[in-house]
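Chain by chain, the residues:
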Amino acid sequence: MSGKEVFYQGNEACAEGALYAGCRFFAGYPITPSTEVAEFLARRLPRVGGAFIQMEDEIAAMAAVIGASLVGKKSLTATSGPGYSLKMENLGYACIAEVPCVIVNVMRGGPSTGLPTGPSQSDVMQARWGTHGDHPAIALAPASVQEIFTETVRAFNISERLRTPVSLLTDEIIGHMRERIIIPPEGELEIWDRPRPTVPPEQYKPYDISEGIIPPMADFGSGYRYHVTGLNHDETGFPTNKPSLVQPEEERLMAKVTENLDILEKHEYTEKEGARIGVVSFGSSARSSRAAIGLAAEAGIKVDFLRLITLWPFPEDAAVQMADKVDTIIVPEMNLGQMIEEVQRSIAGRAEVVGVNRADGEPITPAQILDRIREVA
Amino acid sequence: MSNRYEVRLSGAGGQGLVLGGVILAEAVSLYEGNNAVQTQSYGPEARGGASKSEVIISTEEIDYPKATQIDLLLCLTQESCDKYVVDLKEDGILIADSRMVKDLPEGNYRIYNLPIIDTAKEKVGKVFVANIVALGAIAHLVDAVSLASVEKAVLKRVPPGTEELNKKALKLGYDLVE
């Protein structure tokens, strides 16, 4: 990959990736360990004609992001657990009103204000179920500074194409970690934009799905006038509680995910011939896992590795593929057991599943995972 | 992980240890062509409290980004020395500030008890360049990085107008190691 070589922090790479994807609006409220995303964009956005706003709190920040997206700007907010909780109400609004936006959550210990400067991966289930009601959930979990850049770009692309919010889950370790990365030249990574209407304003219906399940989205202020609401609505955007309209709309929102798995699912499966043990991990715990698998190989123990890059939707087929081959699956995660439940649910008893869990603000070490590998070997 | 080299810079918040780690890792990564990953760990306080910054250097891809078996440990406080020396490898290098660390650990370590803070205060005239003095000593002791690369990285990261001050601090630190 040609491009500009820089020594970046994860949070800086996230901000740079957002700019690369075409993000021109950021609203947020500072919170450790995510603040560098905001600091970086406060400097850079005005230079590219974008806008940065520090709002009075995270709820308002999420509302501002939705407003900016409605006028056609790719929009971002960044936060950590306590702020992610506050954004949930408006995240649900973005789901039902179908407003593209990206929410970065640099995870720290919780619940509540928890461990401000300590890493965690305990918002995994919040990213799936944090806002109420049935809703599509998409969450990406990069494991390196370079991948934070590319996954931020992908988060915007998905969000735009599917008109739905996308969460990027990192953690204090990779958010603050610095590594050499390459910023690709413009044009090297594909950039997707939301579908826009081809009909004139007088014929525009904001939730018209005659052309496909993602309705074209008009920019506010460009002559198209329409109604936006958090209530269930019909194709005009005005509220309805007609069962025959509500049910298909609810199903359509979910179908954005289930019918687009080809662009959503992303993982790495590293297979060893004859392995009887598998590891499923993500984010910074995936780095510990990879190191542990290397140590196990030196000790003559073969271990398969499934690294999740997209957490939601969960790659059920890949988990089942692993479960059909190995006897035991180990799930290291910096929480007291969240993703392990999704692994268990997906594989439906095809293999034993055990966790390696840590919630003390310290990373899971390769030695801890290696111990568990030896136990089950 | 045989060619993995682990450095931990430790002390109190406000001593510039995170910046020190960033500069060392950037020097290795951008100017020496090896891989380096820098991480940090600190409490919620802006000043005071325990602070550490870690740099992993390797010719291979670095998976686990934190230090577990340290090759070089820098301690600018007694507390950090007491706390972290257990992670130092046998035969590992300990650089301890001679003003702050009076009680040196027993054990099979290569110990350099150096006047880092005094050098910054008395010879450069600014105590806040202690991190750069320490980097000079580290550059002398770590094969994976040259003084020239560290200097280049220092000059990229320090505020404009402080270049000469920092260059001097770096050289003085380098010369502290016999």
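Residues numbered from 1 in each chain as written. Chains lettered and ligands numbered in written order. Predicted model: local features only at pLDDT ≥ 70, side-chain atom pairs only at ≥ 80, totals over all residues.

## Points about the overall build of chain B
Put simply, the rule reads: We count a stretch as a helix when DSSP gives it H or I for four or more residues in a row; a strand needs E for two or more, and each element gets its number in order from the N terminus. As a reference, a globule follows 2.2 Å times the number of residues to the power 0.38, and the radius of gyration itself is taken over C-alpha atoms. Three exposure classes are used. Buried residues have 20 or more other C-beta atoms within 10 Å of their own C-beta, exposed residues have 12 or fewer, and partly exposed residues fall in between, all C-beta atoms being placed from the backbone. The contact rule is simple: place each C-beta atom from the backbone, and if two of them lie within 7 Å, those residues are in contact.
When helices and strands are counted, chain B shows six helices and six strands. In chain B, the order of α-helices and β-strands from amino to carboxyl end is β-α-β-β-β-α-β-β-α-α-α-α. Expected size for 178 residues packed as a compact globule is a radius of gyration near 16 Å; at 15 Å, chain B falls within 12% of this value. Referenced to the eigenvectors of the C-alpha coordinate spread, the extents of chain B come out at roughly 40 × 35 × 35 Å. Taking all 178 residues of chain B together, 50% fall into the buried category. For chain B, the proportion of contacts with a sequence separation of at least 24, taken over those separated by at least 6, is 58%.

## Some points on the interface of chain A and chain B
Facing the 17 residues of chain A at the interface are 17 residues of chain B. Those elements that place two or more of their residues in the side of chain A that touches chain B are strand E1 (4-9), strand E6 (115-119), helix H7 (172-176), strand E9 (178-183) and helix H10 (283-298) of chain A. Among the elements that line the side of chain A that touches chain B, the one with the most residues is H10(A), at four residues.

## A look at the sheet that holds strand E10 (residues 267-270) of chain A
Residues and elements named next belong to chain A. Put simply, the rule reads: A pair of strands counts as paired when DSSP detects no fewer than two bridges linking them. Every axis in this analysis is a line fitted to C-alpha atoms, fitted for helices over the stretch in contact. Angles between the N-to-C directions lie between 0 and 180 degrees.
With mixed pairing, five strands are arranged side by side in an open sheet as E10-E12-E11-E14-E15. Looking at strand neighbours, the two that pair on one side only are E10 and strand E15 (352-357), the edges of this open sheet. On average, adjacent strands in this sheet sit at an angle of 20° to one another, irrespective of strand direction. When strand E11 (residues 277-282) meets strand E12 (residues 303-308), the two strands line up parallel, connected through six bridges. Of the residues in E12, the one forming a bridge with Ile277 is Val303. Across the face of the sheet, helix H11 (residues 316-325) comes into contact with E10, E11, E12 and strand E14 (328-333) while running at roughly 170° to E12.

## A short note on the packing of helix H1 (residues 10-21) of chain A against helix H2 (residues 35-44) of chain A
Residues and elements named next belong to chain A. Rule in force here: By the definition adopted for this analysis, an angle is roughly parallel if under 35 degrees, roughly antiparallel if over 145, roughly perpendicular if from 65 to 115, and oblique otherwise. Here is the rule for handedness: rotate from the far helix to the near one, and if that takes an anticlockwise turn smaller than a right angle the crossing is left-handed, while a clockwise turn gives right-handed. Polarity classes work like this: nonpolar for Ala, Val, Leu, Ile, Met, Phe, Trp, Tyr, Cys and Pro, charged for Asp, Glu, Lys and Arg, and polar for all others, with Gly in that last group.
Relative orientation of the contacting elements H1 and H2 amounts to 45°, with a least axis distance of 8 Å. When the axes of H1 and H2 are compared, the pair comes out oblique. The way H1 lies across H2 gives a crossing that is right-handed. Residues Asn11, Glu12, Cys14, Ala15, Ala18 and Leu19 of H1 form the contact with H2, whose own contacting residues are Glu36, Val37, Phe40, Leu41 and Arg44. Its residues placed into classes, the contact of H1 with H2 shows seven nonpolar, one polar and three charged.

## Some thoughts on the pairing of strand E4 (residues 74-79) of chain A
Regular strands have side chains that alternate between both faces of the sheet. All names here are of chain A. The cut-off we apply is this: Viewed with both strands pointing away, a crossover whose connecting path from the first strand over the helix to the second turns clockwise is right-handed.
The element E4 is largely enclosed, with a buried count of six among its six residues. On E4, burial covers both faces: Lys74, Leu76 and Ala78 on one face and Ser75, Thr77 and Thr79 on the other are all buried. By the bridge criterion, three bridges tie strand E2 (residues 23-28) to E4 in an arrangement that is parallel. Paired with Cys23 across the two strands is Lys74, which belongs to E4. Examined bridge by bridge, E4 and strand E5 (residues 101-109) share four bridges and lie parallel to one another. Across the sheet, residue Thr79 finds its bridge partner in E5, namely Asn105. Traced from E4 through helix H4 (residues 81-97) to E5, the parallel crossover comes out right-handed.

## Looking at unusual backbone geometry
Residue and element names in this part refer to chain A. Pro33 follows Thr32 through a cis peptide bond whose omega is 0°. In this structure, Pro33 sits in the loop between E2 and H2. Cis geometry is adopted by the peptide bond preceding Pro111, which originates at Gly110 and carries an omega value of 5°. Mapped onto the elements of the fold, Pro111 is located in the loop between E5 and E6. Of note, the phi angle at Arg163 is positive, near 50°, even though the residue is not glycine. Within the element layout of this structure, Arg163 appears in the loop between helix H6 (145-162) and strand E8 (165-171).

## Looking at the packing of helix H1 (residues 17-31) of chain B against helix H4 (residues 130-141) of chain B
Residue and element names in this part refer to chain B. Relative to each other, H1 and H4 sit at 40°, their axes nearing to 9 Å. Of the two elements, H1 crosses H4, and the hand of that crossing is right-handed. Only Asn131, Ala134, Leu135 and Ile138 of H4 make contact with H1, whose side of the interface consists of Leu17, Leu19, Gly20, Ile23 and Leu24. Here the residues of the contact of H1 with H4 sort into seven nonpolar, two polar and no charged.

## Section: the domain arrangement of chain A
Residue and element names in this part refer to chain A. As a reminder, the rule being used: Segmentation of the chain into domains, including their bounds, is taken from an automatic or database domain assignment.
When its domains are assigned, chain A resolves into domain 1 (1-264) and domain 2 (268-376). Averaged C-alpha coordinates put domain 1 and domain 2 at centres separated by 28 Å. In this complex, domain 1 contributes 27 residues to the contact, which on the side of domain 2 involves 21 residues. Its residues assigned to classes, the side of domain 1 that touches domain 2 comprises 18 nonpolar, six polar and three charged.

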